[in-house]
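Listed below, chain by chain, are the residues.
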Amino acid sequence: MDFVICVDSTADMNADMRKEYGIEYFKMGFSGDDGEREADLNWSDEQYSEFYNSMRAGKRYKTVQVPAAVFAKQMEEYLKAGFDILYIACSSALSGSVNTAQMVAGELKAKYPERQVLCVDSLISTLAQGALAIKASEMRAEGKYIEEVYAYIEENKMFCNYVSSVETLSYLKDAGRVSATSSFFGNLFGVKPILVSNALGQNEAVKKVKGRKAALAEIADILARRITDAAGQVIYITHADDYDAAKELQSLIEERVEGAVIKIGFIGPIVGISVGPGTLIASYMGVDKSLPTVE
Amino acid sequence: MQILNDMNVFPIPDGDTGTNMEMTMRGACEAASFLGDTLSAADFDRIYEGILLSSQGNSGVILSQWMKGFLRELSHAQELDALAMYSALLSASQSAYSAVVKPVEGTMLTVARECVEYSEEVLYEDMPLKEYLEAVLCGAEIALDRTPELLPVLKEANVKDSGGYGLVCVLTGFLRALDPDFIADFSQYETSAKVTAKNENEGEFGYCTEMIVALGGKEKFDIKKAIADIEQIGGSVVATLDGGFFKLHVHTLYPEKALEYCHRYGEFIKIKIENMTEQNKALKKNERIPLAIIAVADGDGVTELYKSFGCVTVLRGGQSDNVSTGTLLSAIDAQNADNIILLPNNKNIVMAAKEAEKLRPNVRVVPTKSTAQGYMALMLTNLEDEADRVYNSILTETSLTKTLVIAQAERDSFSNGVEIKKGEYFGAAGDDVLYASADRLKCVLKSLEMLIKGTEDITVLGFTSNSQTLREGETLCSDIAAITGNHEVHFSEGGMSIYDYIFALR
């Protein structure tokens, strides 16, 4: 039996990518002083620039996890049509969506007892989360059952990594989405924090480096050290409206890693609100992410 | 709603608990507004559906599940009495727990469970519903009070659990539906919550002052007015009116004012005053930390910057005010840390620091020559790391960071082949004078150029003596960037006394 693969707004998968792999998504939301909006992943480059420029100009937004009503409506559509659902959700350390989804799924079980909804807490976000969904989609195309795909993703999610640099920690700090304590939050004057997704699915600041250039090199170094089976692997660079830096990072990674394919995309609104403009994230499959990043 | 938002620290401190819970309950209200006078089982389902669909956020989802258990159980009840309410609340608590994959104690779950457990003990046959609900609310309050003990993150932030408080609000709402006069007690929670959220003000208030007053004075007592008045005297106000007794808790620098105020309304039954500043000191001393950093610095701006790193203590001192070994030792002994790293931040203090290092086994000195150099090293070090690695990193970064000071000469002199006239500005790196000029800006640029010529990709951090030198320095950013080949040029007002500028170049 066929099944629907879903992600949510933090997976940062654009329309082409979702179409290519047949992946659906549950929309989160965000609000500013001008009201609430859906966290759409179909924005044009101009819309993204406009959004990040508004943040650069000092505008602040709050994010809203996927509402139960959205899950209920969308899940029921799939179940009614006879599909099972595999939901690869944003890290539970960053969003409560996976919990809500499980609750709604429990409610729907009574109505559709023969159908199943399987939720994976991906412990990660952005295209690293998306990459897990793509893997699931590839397995589905090979004719694997939903249970097999679910088990595979659960077993392999700890190898799904990202490494990132932010312009400032203040967005992460304001959003409550960084695990470092106060000693990391000094006034940093252009020193750039390097963050990774840790074993708990939190963003963890692991290093501080001097300036933009050094930050890009550090990301590339960490990635090169930790990536496994690079040949043929797709590395995703997502950026919060700094395409030039993403390109620069791409060539730094290419210098260090052979045989990988590198794709560049935007960080969507939800992750963007939490990390701030200028952020770069490189997502890859590598060593178990509970292994320390800096030796 | 805002109060709850401000209290929100767990699981994600994004300040939306109030909004989420309000949205969720609003769903219930909207669904209920379509109902008639008598309720069928389907009506309960309709209310739940309204709640579920409008629930958002973690707290909203848990609340919706709590309501689910509550409504499902209630729909079977013949009559809404204390026993039916007990069963409904018990079912609500179980349902809330089942909504969460990994239940965490110290949250609204704890409040949901413990209020029922508490009420169970006092429940008796034919207990009036209102009395029973008051007992539930009392249990909920006790549980809420305890949440920081169960969930360390709450204790750190000095708040009660926001979702738990939200549940207390909901229970209060139940009571208000039975008895509209219940509103008075609601404002009491609000007061304590407001203060809890504003914990950064703690410490300003010196005495924890508590009293019980038997009301009976000539003036008419109004609790709302009393709370407002007492808030003028201090913070963390918690006030309750119980029978003829007014109970007050307030943190204030002037406990006598609180006593005087209350004495107007009656006689004291009990008074307790404790000096919190002393308590905090004692408390702090008891918490042993793995690593403390002591930095010697002068200037308010510099001090603030150093303190922006949570683990750094600043000892005031510098070029004009050399710190003795004795002073350093007392600063060291005031720390309760396994490891202490000492940043003297001045050539003249390095010696004293080395002496202190000899006398205390857990102290290591990094011979930083200026506040800017020490700060640069801290910025580039992961201070969360193990003490040895932090020390090595600060040491390495310090050795890689050059430092330059700009000051005005107090007399004519000749040094390192440079002639300096009284009143001129000179730039010096360590003992070496590099350049002197009557033009301060020229002196800055020339000295920087001499120090970093030929090296690439330099980050520049400059502390300035005051706001004027800050503005002046900032006009130099592009000129400095041209020298360093890097746009990382940052100035900050340091407020130090002797030097006009202190630079770190890395």
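What counts, and where the lines are drawn
- Per chain, residues are indexed from 1 in the order of the written sequence.
- Following the order in which they are written, the chains are lettered starting with A and the ligands numbered starting with 1.
- Local features in this predicted model are restricted to residues of pLDDT 70 or higher, and side-chain atom pairs are both shown and tallied only at a pLDDT of 80 or more, whereas totals for entire chains, interfaces and linings draw on every residue.
- Side-chain measures were taken over the full set of non-hydrogen atoms in the model, leaving aside hydrogen atoms and water.
- For the purposes of this entry, the term helix denotes a DSSP run of H or I that reaches at least four residues, the term strand denotes a run of E that reaches at least two, and both are numbered from the N terminus.
- Burial here depends on accessible area, computed with a 1.4 Å probe over protein chains only, as a share of the maximum for the residue type. Under 20% is buried, over 50% is exposed, and the range in between is partly exposed.
- Residues are treated as being in contact if the distance between any of their heavy atoms lies within 4.5 Å.
- The globule rule used here is 2.2 Å times the number of residues to the 0.38 power, and the radius of gyration it is set against is calculated over C-alpha atoms.
- pLDDT is a per-residue confidence score from the predictor, ranging from 0 to 100.
- For two strands to count as paired, DSSP must find a minimum of two bridges between them.
- By definition, the crossover connecting two strands over a helix is right-handed if that path, from the first strand to the second, turns clockwise as seen with the strands pointing away from the viewer.
- A 1.4 Å probe defines the accessible area here, and the buried area is the portion of it lost by two parts on being joined, summed over both.
- For this analysis, a salt bridge means a side-chain nitrogen from Lys or Arg found within 4 Å of a carboxyl oxygen belonging to Asp or Glu.
- Here a polar contact is recorded for every N or O atom pair within 3.5 Å, except that within protein the pair must consist of a potential hydrogen donor and a potential acceptor, and residues adjacent in sequence are included only if both atoms are side-chain atoms.
- Like charges within 9 Å and nonpolar side chains (Val, Leu, Ile, Met, Phe, Trp, Tyr) within 5 Å are joined into patches, using only residues over 30% in relative accessible area that form no salt bridge.
- Each accessible area is a Shrake-Rupley estimate made with a 1.4 Å probe; only the visible protein chains count as cover when residues are assessed.
- With a 1 Å grid spanning the protein atoms alone, the term cavity applies to any set of points in which a 1.4 Å probe fits but cannot get out, the term pocket to an open set with protein on both sides within 12 Å along at least five of seven lines, and the term lining residue to any residue with an atom within 4 Å of a point.
- Grid points are joined across faces, edges and corners, and a volume is the space filled by probe spheres set on the points.
- Put simply, Ala, Val, Leu, Ile, Met, Phe, Trp, Tyr, Cys and Pro go in the nonpolar bin, Asp, Glu, Lys and Arg in the charged bin, and everything else, Gly too, in the polar bin.
- Cysteine sulfurs are considered disulfide-paired once they come within 2.5 Å of each other.
- For helices, the fitted axis covers only the stretch in contact; all axes are lines through C-alpha atoms, and the angles between them, taken along N-to-C directions, range from 0 to 180 degrees.
- Roughly parallel here means an angle under 35 degrees, roughly antiparallel means over 145, roughly perpendicular means 65 to 115, and every remaining angle is called oblique.
- Each crossing gets its handedness from the near helix: less than a right angle anticlockwise from the far helix is left-handed, clockwise is right-handed.
- Pairs were defined over the aromatic rings of Phe, Tyr and Trp, the Trp ring being its six-membered one, requiring ring centres within 6.5 Å. Orientation was assigned from the angle between planes: stacked under 30 degrees, edge-to-face over 60, tilted for the rest.
- The criterion for a charge sitting over a ring is simple: Lys NZ or Arg CZ within 6 Å of the ring centre, and within 35 degrees of the ring normal.
- Residues belong to one nonpolar core when they are buried, are Ala, Val, Leu, Ile, Met, Phe, Trp, Tyr or Cys, and are joined through side-chain atoms within 4.5 Å.
- Residues counted as positive are Lys and Arg, residues counted as negative are Asp and Glu, and His and the chain ends are not counted.
- In plain terms, the charge of a residue is placed at NZ if it is Lys, CZ if Arg, CG if Asp and CD if Glu.

Within chain B one finds 21 helices and 16 strands. Out of the 506 residues in chain B, the part that is buried amounts to 52%. Within chain B, counting contacts between residues at least 6 apart in sequence, those at least 24 apart form 64% of the total.

As a further point, take the overall build of chain A. Assigned secondary structure in chain A consists of 10 helices and 13 strands. Against the 2.2 N^0.38 benchmark of 19 Å for 295 residues, chain A shows a C-alpha radius of gyration of 18 Å, consistent with a compact globule. Each principal axis of the C-alpha atoms in chain A carries an extent, and together these give about 55 × 45 × 35 Å. The long-range share in chain A, meaning contacts at least 24 apart out of those at least 6 apart in sequence, stands at 77%.

Before going further, it helps to examine the confidence of the model for chain B. All names here are of chain B. Confidence in the prediction for chain B averages 83 pLDDT; 90% of positions are at 70 or higher. Considering each helix and strand of chain B separately, the mean pLDDT is smallest for helix 10 (residues 183-197), with a value of 45, and largest for strand 8 (residues 363-365), with 96. Within the model, pLDDT remains below 50 along residues 191-205, and this stretch shows 30 contacts once partners closer than five positions in the same chain are excluded.

The next point concerns the pairing of strand 12 (residues 261-266) of chain A. Residue and element names in this part refer to chain A. Here strand 11 (residues 234-239) pairs with strand 12 via 6 bridges, running parallel. The partner of Ile237 across the bridge, within strand 12, is Ile264. At this point the chain moves from strand 11, through helix 9 (residues 243-256), to the parallel strand 12, and the crossover so formed is right-handed.

Attention now moves to the side chain of Glu488 of chain B. Along the chain, Glu488 of chain B turns up in the loop between helix 21 (477-484) and strand 15 (489-493). Setting aside its immediate chain neighbours within four residues, Glu488 of chain B contacts Gly190, Lys192, Gly211 and Arg212 of chain A together with Ile458, Thr459 and Val460 of chain B.

Once that is clear, we can look at the interface of chain B and chain A. How big an interface is tends to be reported as the loss of accessible area on association of its parts. Contacts between chain B and chain A engage 42 residues on the former and 42 residues on the latter. At the boundary of chain B with chain A, total buried surface from both sides reaches about 3200 Å², with 53% on carbon and sulfur atoms. Applying the counting rule to chain B against chain A returns 2 salt bridges. Across the pair Glu488 of chain B and Lys192 of chain A runs a salt bridge whose closest N-O atoms are separated by 4.0 Å. Summed over the shared surface of chain B and chain A, the result is 8 residue pairs in polar contact (both at pLDDT 80 or more). Of all elements in the fold, only helix 3 (41-54), helix 4 (57-74), helix 17 (371-379) and strand 15 of chain B reach the threshold of two or more residues within the side of chain B that touches chain A. The element best represented in the side of chain B that touches chain A is helix 4 of chain B, accounting for 6 residues.

Turning our eyes to something else, we now look at a nonpolar patch on the surface. Residues Tyr207, Ile271 and Ile273 of chain B make up a contiguous nonpolar surface patch of roughly 240 Å² in combined accessible area. The topology assignment puts Ile271 of chain B in strand 4 (residues 266-275).

Right, let's get into empty space enclosed by the protein. Residues and elements named next belong to chain A. A complete count under the given rule lists 1 cavity of 30 Å³ or more for this structure. Considering only enclosed or pocket space, the largest cavity measures out at about 40 Å³ in volume. Together, Asn161, Tyr162, Val163, Val196, Ser197, Ile222, Arg226, Tyr284, Lys289 and Thr293 line the largest cavity. Mapped onto the lining of the largest cavity, the elements with two or more residues apiece are strand 8 (160-165), strand 9 (191-197) and helix 8 (211-226). Considered class by class, the residues forming the lining of the largest cavity number 5 nonpolar, 3 polar and 2 charged.

Here the focus is the state of the cysteines. Using the criterion set out here, one finds 0 disulfides over all chains in the structure. Cysteine Cys6 of chain A is unpaired, with the sulfur of Cys119 of chain A as its nearest cysteine sulfur at 9.4 Å. Look at Cys6 of chain A and you get buried, because its relative accessible area is 0%. This cysteine, Cys138 of chain B, is not joined by any disulfide, and Cys115 of chain B carries the nearest cysteine sulfur, 11 Å off.

Residue and element names in this part refer to chain A. Across the sheet, which stays open at both edges, the 3 strands sit in the order 4-3-5 with antiparallel pairing between neighbours. Each end of this open sheet is capped by a strand with a single partner; those strands are strand 4 (35-38) and strand 5 (62-64). Ignoring strand direction, the axes of neighbouring strands in this sheet form an average angle of 30 degrees.

What follows is about the packing of helix 5 (residues 82-99) of chain B against helix 6 (residues 108-122) of chain B. Residue and element names in this part refer to chain B. Where helix 5 meets helix 6, the closest approach of the two axes is 9 Å, and the angle between their N-to-C directions is 155 degrees. In terms of orientation, helix 5 lies roughly antiparallel with respect to helix 6. Crossing angle aside, the handedness with which helix 5 passes helix 6 is left-handed. When helix 5 is examined against helix 6, the residues Tyr86, Leu89, Leu90, Ser93, Ala96 and Tyr97 are found in contact with a partner set consisting of Leu109, Thr110, Ala112, Arg113, Val116, Ser119 and Glu120. Across the contact of helix 5 with helix 6, the residue classes break down as 8 nonpolar, 3 polar and 2 charged.

Another point: unusual backbone geometry. Residues and elements named next belong to chain A. Of note in this structure, Asp12 is not a glycine but carries a positive phi near 55 degrees. Judged by its relative accessible area of 6%, Asp12 is buried. Even without being glycine, Thr126 reaches a positive phi, approximately 50 degrees. Structurally, the position occupied by Thr126 is in helix 5 (residues 126-141).

Below, the discussion takes up the packing of aromatic side chains. All names here are of chain A. Under the counting rule described, the total for this entry stands at 25 aromatic pairs over all chains. Aromatic ring contacts, followed pair by pair, group Phe30, Trp43, Tyr48, Phe51, Tyr52, Tyr61 and Phe266 into a single cluster. Across the ring face of Phe3, the terminal group of Arg140 is positioned such that the distance to the ring centre comes to 5.8 Å.

Once that is clear, we can look at the nonpolar core. Formed by 127 residues in total, the largest nonpolar core has its most connected members in Ile88 of chain A together with Trp66 of chain B. In contact with Ile88 of chain A, other than residues within four places in its own chain, are Ile5, Cys6, Val7, Asp8, Val120, Ser122, Gln129, Leu132, Ala133, Ala136 and Ile153 of chain A. Of all hydrophobic cores here, the second largest spans 44 residues; its members include Val302, Val314, Leu380 and Met496 of chain B.

Our next topic: a negative patch on the surface. A grouping of Glu79, Asp81, Glu125 and Asp126 of chain B is seen on the molecular surface, where their side chains present a negatively charged patch. Relative to the helices and strands, Asp81 of chain B resides in the loop between helix 4 and helix 5.

Turning to the environment of Ile349 of chain B, a few remarks are in order. Residues and elements named next belong to chain B. For Ile349, the position within the fold is in helix 16 (residues 347-359). With a relative accessible area of 0%, Ile349 lands in the buried category. Ile349 has contacts with Val296, Gly318, Asn322, Val323, Leu328 and Pro344, leaving out every residue within four places of it along the chain.

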